[in-house]
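Spelled out from the first residue to the last, the chains are:
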Amino acid sequence: MGRLVRAGLAAGAVTIFLALVGLIERFKDLELVGSQITLSLLFLVLPPFVAGYVVGRPRVERGERREVTRNEALTWGAIAGAVSGALVGAATVFADAFGIDRIRAVFIQATSGLIEILTFGLTPVVGALVLVALSAVAGALGGGLHLLPARIRRPVVSAVTAVLLLGFLQRIVPVALAELNLADEWLYFHAGGLTWFGAAVVAAAAVGISILRDRQGSQIRARLSFGGNGSGREGMDLGRLIALAVIVALLLAIPQLLGTVISDVLGSVMVFILLGLGLNIVVGYAGLLDLGYVAFFAFGAYTTGILTGGNLNSFQGITKPVVSADLNFYLAIPVVVVLAALVGVLIGAPVLRLRGDYLALVTLGLGEMVTVLVASPWLTPLVGGPSGMRDVSDAAIGNISFRDPKSFYYLALAFVLLALFVSRRLYGSRIGRAWTAMREDEQTADAMGISTTSYKLLAFAMGGAIGSLGGALFAVKIGSLTPASFEVLVSIQVLGIVILGGLGSLPGVVVGALVLVGLPGVLREFEEYRLLAYGAALVAVMVLRPQGLVPNVRRSRELQEEEVAQDAWAAGSPDEEAPAVETAAT
Amino acid sequence: MSRLERLPWRRIILIVLSLALLTLVIVGSVATLSKPAGQGGYSGKTWVGFIVDGIAQGAIIALIALGYTLVYGILRMINFAHGEVMMAGAFASFFFLDAYAASGFLNRHPITVLLIVTFVAVIVSMSVAVLLERIAYRPLRNAPRLVPLITAIGASLFLSNAFRGFFGPQARGYPKPDVLTGSFDIGGLDIPKVRVLVFVVAIVCMLSLQLFVARTKTGRSMRAVAQDREIASLMGIDVNRVIMITFAIGGLLAGVAGVLFAETFEQVRFDMGFRPGIAAFTAAVLGGIGSIGGAALGGFALGLLQSIGPALLLSGFGIPSPFSLKDAFTFLVLVLVLVFRPGGLLGTGEQEKV
């Protein structure tokens, strides 16, 4: 019983947190399905749902795994949900009685509008009761999820996910449909979410696909585990070739389909994919936690600016930097990359001896030094100080300028594909395997004859080179550079991308960048909460799913082994809260 | 020649680097000191002012550094979010202080109010620190060492932006009671009263912490857990409880530091914890992380370096406005300490366990 109440209270606290941060009120108009299901509503019911799901999990009691019965799952979930709802409801009633304006003097997001959402426009007490009921239902649903056999549960989950995802993409999908001259009225409301009919169609499609995939699942999985290591297999069969062709065609068509705004967002996403790919080499492959990665971003951007004839904003008007060249962008890029690799070696050399957390902090320090230096009066003659640099090359070929978002997309795509290719080949090569060995156990790798010093330096150099490409692209994209773009936060954002996607996983970097950069770019309302989301994602991924969203195959196998070993150890020690469910399953 | 060849070239780079740095330091200081006051040089009185500033600054840094050192000593992990714990306390105390200032109560009973406000800050900081441990660190206690560091970074980002969401992005003026305005005249020097308060409180905190760890039973179990967690648990020590207490104490010190920090700079802001957090961490490493004396020493040393260093080293080269590079200086110190003497000034150099 105490467990249920605790889960409920935690869920309620999370809801109140979301309300006070302002997330609930901010999204009251973002309709996902119909005009009823808004993102606010989702935020309200999600915590009790999760609480219900958690309390309904099978548990280990006295060493035995115990499934919950149907009644238990439903009632427990409902109780946890109700407790959550009751906490939020009580808080709402209290806030209303105390005077919302007095609370607002401290918590600026506590507005009467928020109260109205939380009480569904009813009187506070009635509203609170409705909230309790709603939360109880959400909790019961969460608990009930365990009752469905996996065969049914998977299609249901994918249907819900698909509907919500398409609801989120309401500013992308209709635009694309309109470009293709397809009618979209049946699917989307004008400037709103999915229609109920559209949602039903999407759900049905998702269920169908999910069932199909389930049926083929075993075959696909067998094929994946055979080819997934990416090492050595030169030949490609026809099916993969066709799939590749389709993907390439889609990628090429995107800017024409989605218009300028989305292309612009995708341009930023690709800059961050490049940064993520670079950091992935350093952190994901070689296991060196680099928190100063923004240094390469800044280096790439400013060097590109200087080499392609950028000018400085200064008090005397526009001046040339003390060192300046007027190269073509495509001539400058190799120079930038080589220089960045050298900088990587220079940064790497003195810190090689350090491991783990110390390395992380030294690199954080170096990164922060770069941001301070870029803004300092000392380097102003070179990079323009706080007022920055302008007139960076737009990488034009002939008279096609790449500053325009639609054409920039293609330039960025070319760079990203190149970096993806290099990363993938590196990973499968002797170098990549040496990195893996070094990451897993440095002493052993050393003993096996791997020169850890040179491989670490190589990782820094490669990571720096790819990161500087990101910087160069960024410079082309915005055309003028100021120190504000090179905050130390950039390093942490890139780290968030790599970790959310899964360390060492290339698709992971792409997914991570799409989620963490693309989603806030499309949902402008979310911009303010981007960093909050990064922080939450870093913690949540590390605690709940350390292998990331799209795990690297080799890596996740290692993590599993580690987990098993840990569980074996934990099973014998009384002071550990053993990760109970998974233990029992193995 | 054969001797040279046997040196790994990484060592050669390090030696060259350290020689270059040494030359720069000597040339810079000589150049600065030889300049007459007024023409880019500084008078003797200015130097003393720098030193006083540095000591007061160092006291706050040391106070925050104690939190890093305590947690590192016991868990071997860097609680990157410690600066945000301090920010949380400072922010919470702001609302009370602001209300007291508005009602005039602050200037009638300044000491009572400051005590109440500090109490609030301490409670909030302690709760945040303990929650942080429970949610973000405890599930990862046996994970590879980098994992809790990553969550700590995430937690730091999350906390500062949550406070931004709660209370808005703008800086708020932190009221100062009349008793704390103005300065004492000590031996012909004007020393602001706040700085004296900061210094005294910091010293008291450090001494009590040292006594607590050395003399009390809880302190003894903390030391036991720091030495060997498993054996300590076999000896009947509740390891989870001890770790929680450690975080609570760290939070307590951060709360006190938060109030002092806010009083010194007279404002609170959601990102006020980041830079001091890094400075404090640097100080902890500088002194030898894991030891309380080291954190104190490192704090004062870093404070002095920050206030004297830029003027002494950079002005000599004619670098304009050297104090804008103060933070770069902090990081440079961090990098140099970790590269050349990872054990810190007091430490002996920690070997990574195989």
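Residue indices follow the written sequence of each chain, beginning from 1 at its first position. For naming, the first written chain is A and the first written ligand is 1, with later ones following in the order written. Restriction of local features to residues with pLDDT of at least 70 applies here, the model being predicted, together with a cutoff of 80 or more for giving and counting side-chain atom pairs; totals for whole chains, interfaces and linings are based on all residues. Calculated side-chain values reflect all of the structure's heavy atoms, with hydrogen atoms and water omitted.

### Some remarks on the environment of Ile15(B)
Within the secondary structure, Ile15(B) is located in helix α2 (residues 9-34). Sequence separation between Ile15(B) and Val200(B) is 185 residues; the distance between their C-alpha atoms is 41 Å. Think of it this way: any DSSP run of H or I at least four residues long counts as a helix, any run of E at least two long counts as a strand, and we number them from the N terminus.

### Remarks on the nonpolar core
Considering soluble globular proteins, one finds that nonpolar side chains tend to be buried as a cluster. Residues and elements named next belong to chain A. Side-chain atoms within 4.5 Å link the members of a nonpolar core, which is a set of buried Ala, Val, Leu, Ile, Met, Phe, Trp, Tyr and Cys residues. Think of it in three bands: residues with accessible area under 20% of the maximum for their type are buried, residues over 50% are exposed, and the middle band is partly exposed, with areas taken using a 1.4 Å probe on protein chains only. Trp435, Leu481 and Phe486 are the most contacted members of the largest nonpolar core, which totals 247 residues. It is helix α11 (residues 238-285) that contributes the most residues to this core, 18 residues altogether. Note on contacts: a residue pair is in contact if any heavy atoms of the two residues lie within 4.5 Å. Once you skip the residues sitting within four places of it in the chain, Phe486 turns out to touch Val294, Phe297, Ala298, Ala301, Tyr302, Thr371, Phe474 and Leu481. Val55, Val68, Ala73 and Ala80 belong to the second largest nonpolar core, which has nine residues in total.

### What to know about the side chain of Ser160(B)
Tracing the chain through its elements places Ser160(B) in helix α7 (residues 146-167). Look past the residues within four positions of Ser160(B) in its chain and what remains in contact with it is Glu84(B), Met87(B) and Phe270(B).

### Thoughts on the pairing of strand β2 (residues 183-186) of chain B
Only when DSSP finds a minimum of two bridges between them are two strands counted as paired. For β2(B) and strand β3 (residues 189-192) of chain B, the ladder comprises four bridges, and the chain directions are antiparallel. Note that in β3(B) the partner of Asp185(B) across the bridge is Asp190(B).

### What about the packing of helix α3 (residues 44-75) of chain B against helix α4 (residues 82-103) of chain B?
Residues and elements named next belong to chain B. Angles shown run from 0 to 180 degrees and are taken between the N-to-C directions of axes, each axis being a line fitted to C-alpha atoms and, for helices, limited to the stretch in contact. Taken N-terminus to C-terminus, the directions of α3 and α4 make an angle of 130°; their axes are 10 Å apart at the nearest point. Taken as axis vectors, α3 and α4 run oblique relative to one another. Considering only the axes of α3 and α4, their crossing is right-handed. Residues Ile64, Gly67 and Tyr68 of α3 form the contact with α4, whose participating residues are His82, Gly83 and Met86. Residues are grouped as follows: Ala, Val, Leu, Ile, Met, Phe, Trp, Tyr, Cys and Pro are nonpolar; Asp, Glu, Lys and Arg are charged; all remaining types, including Gly, are polar. For the contact of α3 with α4, the residue count by class is three nonpolar, three polar and no charged. In what follows, roughly perpendicular refers to angles from 65 to 115 degrees, roughly parallel to angles under 35, roughly antiparallel to angles over 145, and oblique to any angle outside these ranges. Note on convention: the crossing is left-handed when the near helix lies turned anticlockwise from the far helix by less than a right angle, right-handed when the turn is clockwise.

### Some thoughts on the packing of helix α22 (residues 530-544) of chain A against α7(B)
Put simply, α22(A) and α7(B) touch, their axes get as near as 7 Å, and they point 150° apart. Comparing the axis directions of α22(A) and α7(B) gives the class roughly antiparallel. The handedness of the crossing between α22(A) and α7(B) comes out as left-handed. On α7(B), the residues that touch Leu531(A), Leu532(A), Tyr534(A), Gly535(A), Ala536(A), Leu538(A), Val539(A), Met542(A) and Val543(A) of α22(A) are Val147(B), Ile150(B), Thr151(B), Ile153(B), Gly154(B), Ala155(B), Leu157(B), Phe158(B), Asn161(B) and Ala162(B).

### A word on helix α20 (residues 489-501) of chain A
Each residue after the first adds 1.5 Å to the expected span of a helix. Under the 1.5 Å per step criterion, the end-to-end length of α20(A) is 18 Å for 13 residues, consistent within 8% with the ideal 18 Å. Buried within α20(A) are the following residues: Val490(A), Ser491(A), Ile492(A), Gln493(A), Val494(A), Leu495(A), Gly496(A), Ile497(A), Val498(A), Ile499(A), Leu500(A) and Gly501(A). In the core, the buried residues of α20(A) are packed alongside α11, α12 (294-307), α21 (506-522) and α22 of chain A together with α7 of chain B. In the segment just after α20(A), Gly502(A) is the residue with positive phi, at about 120°.

### Here we look at the confidence of the model for chain B
Residue and element names in this part refer to chain B. As a per-residue measure, pLDDT tells how confident the predictor is, with possible values from 0 to 100. Put simply, chain B has an average pLDDT of 83, and 91% of its residues get 70 or more. Of the regions scoring below 50 in pLDDT, residues 349-354 engages in six contacts with residues more than four places distant in sequence or in other chains. What the predictor reports for the complex is a pTM of 0.84 with an ipTM of 0.82.

### Notes on the side chain of Asp290(A)
All names here are of chain A. Topologically, Asp290 is positioned in the loop between α11 and α12. Residues scored as charged are limited to Lys and Arg (positive) and Asp and Glu (negative), so that His and the chain ends carry no count. Any Lys or Arg side-chain nitrogen found within 4 Å of a carboxyl oxygen on Asp or Glu counts as a salt bridge. With no salt bridge to any partner, buried Asp290 finds its closest opposite charge in Lys456, at an N-O distance of 13 Å. Polar side-chain contacts of Asp290 include one of 2.7 Å to the backbone nitrogen of Gly292. The residues touching Asp290, leaving out its near neighbours within four places in the chain, are Leu279, Val282, Val283, Phe296, Thr363 and Phe460. Identification of polar contacts relies on pairs of N or O atoms within 3.5 Å, with a donor-acceptor requirement for protein atoms, meaning one able to donate a hydrogen and the other able to accept it, and with residues adjacent in sequence counted only if both atoms are side-chain atoms.

### Considerations on the packing of aromatic side chains
Centres within 6.5 Å make a pair out of two Phe, Tyr or Trp rings, where for Trp the six-membered ring is used; the pair is then stacked when the planes are under 30 degrees apart, edge-to-face when over 60, and tilted otherwise. In total, this model carries 31 aromatic pairs over all chains according to the counting rule given. Judged by centre distance (5.2 Å) and plane angle (35°), the ring pair of Phe107(A) and Phe167(B) falls under tilted. Of the two residues, Phe107(A) sits in the loop between α5 (100-104) and α6 (112-118) while Phe167(B) sits in helix α7, which places them in two different chains. On the basis of relative accessibility, which here comes to 23%, the residue Phe107(A) falls in the partly exposed class. The buried category is assigned to Phe167(B), whose relative accessible area is 6%. For the ring pair Tyr68(B) and Phe281(B), a centre distance of 5.8 Å and an interplane angle of 65° mean the geometry is edge-to-face. Here the residue Tyr68(B) occupies a position in helix α3, and Phe281(B) occupies one in helix α12 (residues 274-287), the gap between them amounting to 213 residues. Taking relative accessible area as the criterion, Tyr68(B) reaches 4% and is therefore assigned buried. A relative accessible area of 2% places Phe281(B) in the buried class. One aromatic cluster in this structure is built from Phe17(A), Phe107(A), Phe91(B), Phe94(B), Phe95(B), Phe158(B), Phe163(B), Phe166(B), Phe167(B) and Tyr174(B). Sitting over a ring, as applied to charges here, requires NZ of Lys or CZ of Arg to be within 6 Å of the ring centre and within 35 degrees of the ring normal. Sitting over the face of the ring of Phe98(A), Arg102(A) holds its NZ or CZ atom 4.4 Å from the ring centroid. The ring of Phe184(B) is capped by Lys193(B), whose NZ or CZ atom sits 5.6 Å from the centre of that ring.

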